[in-house]
Amino acid sequence: MKKQNHFTLDEKLSDISRRDFMKFCGIMAVSMGLPIGVAPQIAAAITNPKRRPPVIWLHGQECTGCTESLLWTSHPSIANLILELISLDYHETLEVGAGHQAEAAFNNAVTENAGKFILVIEGSVPVKDGGIYCKIGGRPFTDIVKETAAKAAAIVAIGSCASWGGVQSSEPNPTGATGIPEFLKGTTVVTIPGCPPNAYNFLSTILHFLTFGKLPDLDEKGRPKFAYGRLIHENCERRPHFDAGRFAEEFGDEGHRKGYCLFKLGCKGPMTYANCPSILFNEVGSGAWPVGTGHPCFGCVEEGIGFTIPQFTQADVENVTPAAAHAPIRAERGAGVSKGSAALLGGIAGAAIGAGAVIAKRLGDADKGE
Amino acid sequence: MSALDWVDIVSALKADVKATASLAQKLSSWPDNGYTELKESQDRLKTFVGSGQLGVFSSGYWGHPAMKLPPEVNLLAAHHFLQALEYQKNINKVVAILGSKTPHIQNLAVGGVANPINLDSQSTLTMERLYYIKTLIDEVGDFIKNVYMVDVAAVGALYADWTGYGAGVTNYLSVPTMPLDTSGTKFALPGGYIPGDISKFKPITSFKDEYFKKNVKESIKHSWYKGDWDRHPWEEETVPAYSDFEDNGKYSWIKSPTFNGEHAQVGPLANVLCMYAAGHKPTQKYTKKMLDTANAVLSLVGSNARVSLNSLHSTIGRIAARAVRTAVLHNELINQWQLLVDNIGKGDYKTFNKPVFPKGEQRGVGFHEAPRGMLSHWVVIDDGKIKNYQCVVPSTWNAGPRNSTDALGPYEASLVGNPIADPDKPLEVLRTIHSFDPCIACAVHMVDSNSKEIVKIRAF
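Residues numbered from 1 in each chain as written. Chains lettered and ligands numbered in written order. Predicted model: local features only at pLDDT ≥ 70, side-chain atom pairs only at ≥ 80, totals over all residues.

## Quick word on the overall build of chain A
Note the cut-off: Here a strand is any run of E in DSSP of at least two residues, a helix any run of H or I of at least four, and the numbering for each starts at the N terminus. Exposure is read from a count of other C-beta atoms within 10 Å of each residue's own; the residue is exposed at 12 or fewer, buried at 20 or more and partly exposed in between. C-beta atoms are placed from the backbone. C-beta atoms are first placed from the backbone for all residues, and any pair lying within 7 Å is then listed as a contact.
Within chain A, the secondary structure is distributed over 18 helices and 9 strands. Across the 370 residues that make up chain A, the buried fraction comes to 49%. Here the contacts in chain A between residues at least 6 apart in sequence split such that 68% fall between residues at least 24 apart.

## What to know about the nonpolar core
Burial of nonpolar side chains together is a common tendency in soluble globular proteins. Put simply, the rule is: We define the nonpolar core as any set of buried residues of the types Ala, Val, Leu, Ile, Met, Phe, Trp, Tyr and Cys, connected via C-beta atoms lying within 7 Å of each other. Domain borders in the structure are assigned automatically or taken from a domain database.
Among the nonpolar cores identified, the biggest contains 187 residues, and Ile155 and Ala157 of chain A together with Leu273 of chain B are the most heavily contacted of them. In terms of residue count, helix α5 (residues 127-158) of chain B provides more of this core than any other element does, 13 residues in total. Here this core gathers at least three residues from each of two domains, domain 1 (2-226) and domain 2 (230-325) of chain A. Those residues in contact with Ala157 of chain A that sit more than four places away from it in its chain are Ile121, Ala162, Ser163, Gly179, Ile180, Pro181, Val189, Val190, Thr191 and Ile192 of chain A.

## A look at the packing of helix α7 (residues 268-277) of chain B against helix α9 (residues 315-345) of chain B
All names here are of chain B. Let me state the cut-off plainly: Helix axes use the C-alpha atoms of the stretch in contact, all axes being lines fitted to C-alpha atoms, and the angles between their N-to-C directions lie in the range 0 to 180 degrees. Each angle is binned into one of four classes, with values under 35 degrees roughly parallel, values over 145 roughly antiparallel, values of 65 to 115 roughly perpendicular, and all other values oblique. Crossing chirality is assigned from the near helix's rotation relative to the far helix, an anticlockwise turn below a right angle marking it left-handed and a clockwise turn marking it right-handed. Three categories are distinguished: nonpolar for Ala, Val, Leu, Ile, Met, Phe, Trp, Tyr, Cys and Pro, charged for Asp, Glu, Lys and Arg, and polar for the others, with Gly belonging to the last.
One way to put it is that α7 packs onto α9 with a least axis distance of 8 Å and a crossing angle of 65°. Viewed along their axes, α7 and α9 adopt a mutual orientation that is roughly perpendicular. Crossing hand, α7 versus α9: left-handed. Listed contacts from α9 to Pro268, Leu269, Asn271 and Val272 of α7 are Gly317, Arg318, Ala321, Arg322, Val324 and Arg325. When the residues that make up the contact of α7 with α9 are grouped by side-chain class, the tally is 5 nonpolar, 2 polar and 3 charged.

## Some words on helix α7 (residues 141-150) of chain A
All names here are of chain A. Quick reminder of the rule: Relevant arc is that of directions from the helix axis to the C-beta atoms, nothing else.
Buried within α7 we find Phe141, Thr142, Ile144 and Val145. With its buried residues spanning 165° around the axis, α7 presents them on a single face. Within α7, the exposed residues directed more than 90 degrees away from the buried face are Asp143 and Glu147. Of the surrounding secondary structure, the elements contacted by the buried residues of α7 are β1 (54-59), β3 (118-122), β4 (125-126), β5 (135-136), β6 (139-140) and α9 (180-183).

## Remarks on the sheet that holds strand β7 (residues 154-158) of chain A
Residues and elements named next belong to chain A. Counted only if it meets this: Each pair of strands is called paired provided DSSP finds at least two bridges between the two strands.
Strand order in the open sheet made by the 5 strands is β2-β1-β3-β7-β9, with parallel pairing throughout. With one partner strand each, in any of the chains shown, β2 (87-91) and β9 (190-192) form the two edges of the open sheet. Across the sheet, the axes of successive neighbouring strands diverge by a mean angle of 20°, strand direction being ignored. Here 5 bridges tie β3 to β7, and the two strands are oriented parallel to one another. The residue bridging Leu119 from the neighbouring strand is Ile155, located in β7.

## Quick word on unusual backbone geometry
The omega angle of the peptide bond from Cys195 of chain A to Pro196 of chain A is -15°, so this bond is cis rather than trans. The residue Pro196 of chain A is located in the loop between β9 and α10 (199-212) in this model. Thr102 of chain B connects to Pro103 of chain B through a cis peptide bond whose omega is 5°. Structurally, Pro103 of chain B can be placed in the loop between α4 (71-99) and β1 (108-109).

## With respect to the domain arrangement of chain A
Residue and element names in this part refer to chain A. With domains assigned, chain A is organised as domain 1 (2-226) and domain 2 (230-325). Between domain 1 and domain 2, the contact holds 12 residues from the first and 12 residues from the second. Across the side of domain 1 that touches domain 2, the residue classes break down as 6 nonpolar, 6 polar and no charged.

## Re the sheet that holds strand β3 (residues 171-174) of chain B
Residue and element names in this part refer to chain B. Strand order across the open sheet formed by 3 strands is β3-β6-β7, with antiparallel pairing between neighbours. Strands at the two margins of the open sheet, each flanked by one partner only, are β3 and β7 (202-204). Here the average twist between neighbouring strands, direction ignored, is 20°. Pairing analysis gives 3 bridges linking strand β6 (residues 191-195) to β7, with the strands arranged antiparallel. Bridge pairing links Gly191 to Ile204 in β7. Here α7 sits on the sheet in contact with β3 and β6, set at roughly 85° to β3.

## Details of the confidence of the model for chain A
Rules: Confidence of the predictor in every single residue is expressed as pLDDT, which spans 0 to 100.
Overall, the predicted model of chain A reaches an average pLDDT of 82, with 73% of residues at or above 70. Within the model, pLDDT remains below 50 along residues 325-358 of chain A, and this stretch shows 41 contacts once partners closer than five positions in the same chain are excluded.

## Some points on the packing of helix α8 (residues 281-300) of chain B against α9 of chain B
All names here are of chain B. Axis separation between α8 and α9 bottoms out at 9 Å; the angle between their running directions is 140°. Relative to α9, the element α8 is oriented oblique. As α8 runs across α9, the sense of the crossing is right-handed. Counting all contacts with α8, which are made through Pro282, Thr283, Tyr286, Thr287 and Met290, the residues of α9 involved are Ala320, Ala323, Val324, Ala327, Val328 and Asn331. Residue composition of the contact of α8 with α9, grouped by class: 8 nonpolar, 3 polar and no charged.

## Examining the interface of chain A and chain B
In this assembly, 62 residues from chain A lie in contact with 59 residues from chain B. Residue assignment for the side of chain A that touches chain B shows that the elements contributing at least two residues are α3 (39-46), α4 (65-70), α5 (78-85), β2, α6 (99-112), α14 (254-257) and α16 (290-293) of chain A. Of the residues belonging to the side of chain A that touches chain B, the class tally is 29 nonpolar, 22 polar and 11 charged.

## Regarding α8 of chain B
Each α-helix winds once per 3.6 residues, and so residues spaced three or four apart point in a common direction. All names here are of chain B. Short version of the rule: By definition here, a helix of n residues has an expected span of 1.5 Å times n minus one.
Taking 1.5 Å as the rise per residue, α8 with 20 residues should run 28 Å; its terminal C-alpha atoms sit 28 Å apart, in good agreement. The complete set of buried residues in α8 reads Thr283, Tyr286, Thr287, Met290, Leu291, Thr293, Ala294, Val297 and Leu298. Around the axis of α8, the buried residues are gathered within 155° of arc, so they sit on the same side. Counted as exposed and oriented over 90 degrees from the buried face of α8: Lys281, Asp292 and Ser299. Those residues of α8 hidden inside the fold are in contact with α5, α7 and α9. Once α8 ends, the next one or two residues include Gly302, with phi positive near 75°.

## With respect to the confidence of the model for chain B
Residue and element names in this part refer to chain B. When pLDDT is averaged along chain B, the result is 94, and 96% of the positions lie at 70 or above. Predicted confidence for residues 442-460 stays below pLDDT 50, and this span has 42 contacts to residues more than four positions away or in other chains. Scored by ipTM, the complex comes to 0.94, with pTM at 0.88.

Laid out in structure tokens, this is it:
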């Protein structure tokens, strides 16, 4: 029997005649305002094994900044992403319908793609007081996340809120804001922290998966190493000033105007793992990242640093003298691929298989051809 | 995003591309309106719809009886929707150059900004950066004036009946913005208050304006917070007391702000009307341009209807005002860039004043005309530490529930009298709510006369 991975419609088709199916496609065409002649085209599309991979996106306690960051990318652009690369089957900000129509779209997307969709979660889950601080369509977000996550093939937490709680989890955390990995303890969750994260860190993770059928290497916090494998301090263009002891002491002072190191202004680059200085933001070239324009990093990606350590508090630095005086500046964190990824897998201890491969298996191998 | 409440993308697939191109060329001299470009957009949409995977578009109201545009206008609008995605991305590059990244700029400092200016350094705001900004500003201007303004006028004209719906609260509040001096008494863009009648406009004139400071209050009678009070932001507290939806009790997380004891609408419409009333020339110019274009389209299609300044008090008026404000802001952006360059030329590189916090209790307020309307932050500082901090934000003004006198808030009032062709698919409600550009992920509830809830609508 031919295996259908992305869609259960073929299974349904075995129970209904082709004539009924064509009738359904005809009704669908009419309801979309299309000429009846396109029905065969729709029928072909629905049974096409090369369907775009389904993505369902949930919003919890957040500001939608992560979503917004995706509106400003070029490779791919938002239009290319949604129209040609993935099938964004549910997304509250971008959803055209609302109310009952939006809820029906959500339920259809989850049911029809059960076990096969990528679930992206933006925002934290407020767990205090029975979840009353975030309800959607009358239901607590806590319930929605649990139910939807159980049917997902892979879960990606976008932004610091979804990754570890973000700004709302700062003391005294009045709503009990919790990140997805902690809320869904025991489940593999890829995290892309940042406030918002660089859109390419998210897109590259998804595109890596779609292209190679597996996730990129992750660290012990579920973060892709290509984006979070190095300290900001290690790729910072102002590092030579740090090593030479040239610091800005106040915004607008002589050192600041000469582009000196912002360590004394509280820069958290020495404690923060992120690729901001190498990838930069919004495709405008030179200096487009916080330190580049003269503002200290506040560690927005790092739990326990961002929104926690005061902005002007000086960072802890492990290596304050030039690398020549030491052995390697800093070893790779973790002991390579399988240790970090395997830790996420729980039950599969010691197996020489990465989290990405497991998720790929669950998602099905339709994209690998017949 | 709200364009899709009015524009039927699926109908665009049936459009005659040649007829669309000729219509487009009648409306505007925009170069990307040719047959080839339009055909490319239509083919792209055909492939997408033909894939059967409609994604977020599957829940749309395609073919809804309230969708009135001919296929050719739908195609033209869809074509420009795709182009607008590019332009909004490009103008945000200006924000990233100055703000480190966007969204969530990271260049603000208490007392100024963290951007040093030094034309002789490699690491600061340099001549190259300044001209990159200038170029991006110039490019988006062409799109705003030749596409965005024209499309809104044309689509608005074809939906001219919507000038009769959605006015709601017609008190308008807006604040002066883009200060031209360090004391905050001279502004590039004026603001003020319109108490229902534009001829009674009262200006707000400085960052320390007493009339503004004294008259802002918030009520929690119908909000999920403990107690029932009307307080000035400096005196407020925020203690949650959730009770689910009570028809006559508490039903919202949003507090209910008032000015002079009454609800006020904020946003581009409030801003445009206040600037118009204050005699701001560019605002008057672009408002006239918008109305003239809409009237030209009305006569082109043989309609006897005409629009005027009064038509702006409506759902479609809010959308038109957003386009007018965009043109006005673009105009001002060019001025602001020149002012910055002039200052640099004079050797004025100051970007930061170190703040001092005197002992004892200090009370302050900062305000700004944000994209969705007037934003104010109220702070009480005691011996250098924050004791109370309250944000009274644009969507709170508009989406707030009934106040302490049970008067309806702007969203609520604007829905009264909206036509609804199909109660199961109340597209018309979305049109009015989306016209405010809501920055909330909360529910709008419609209740029928027997207090039975019939429709729940998510508004984003």
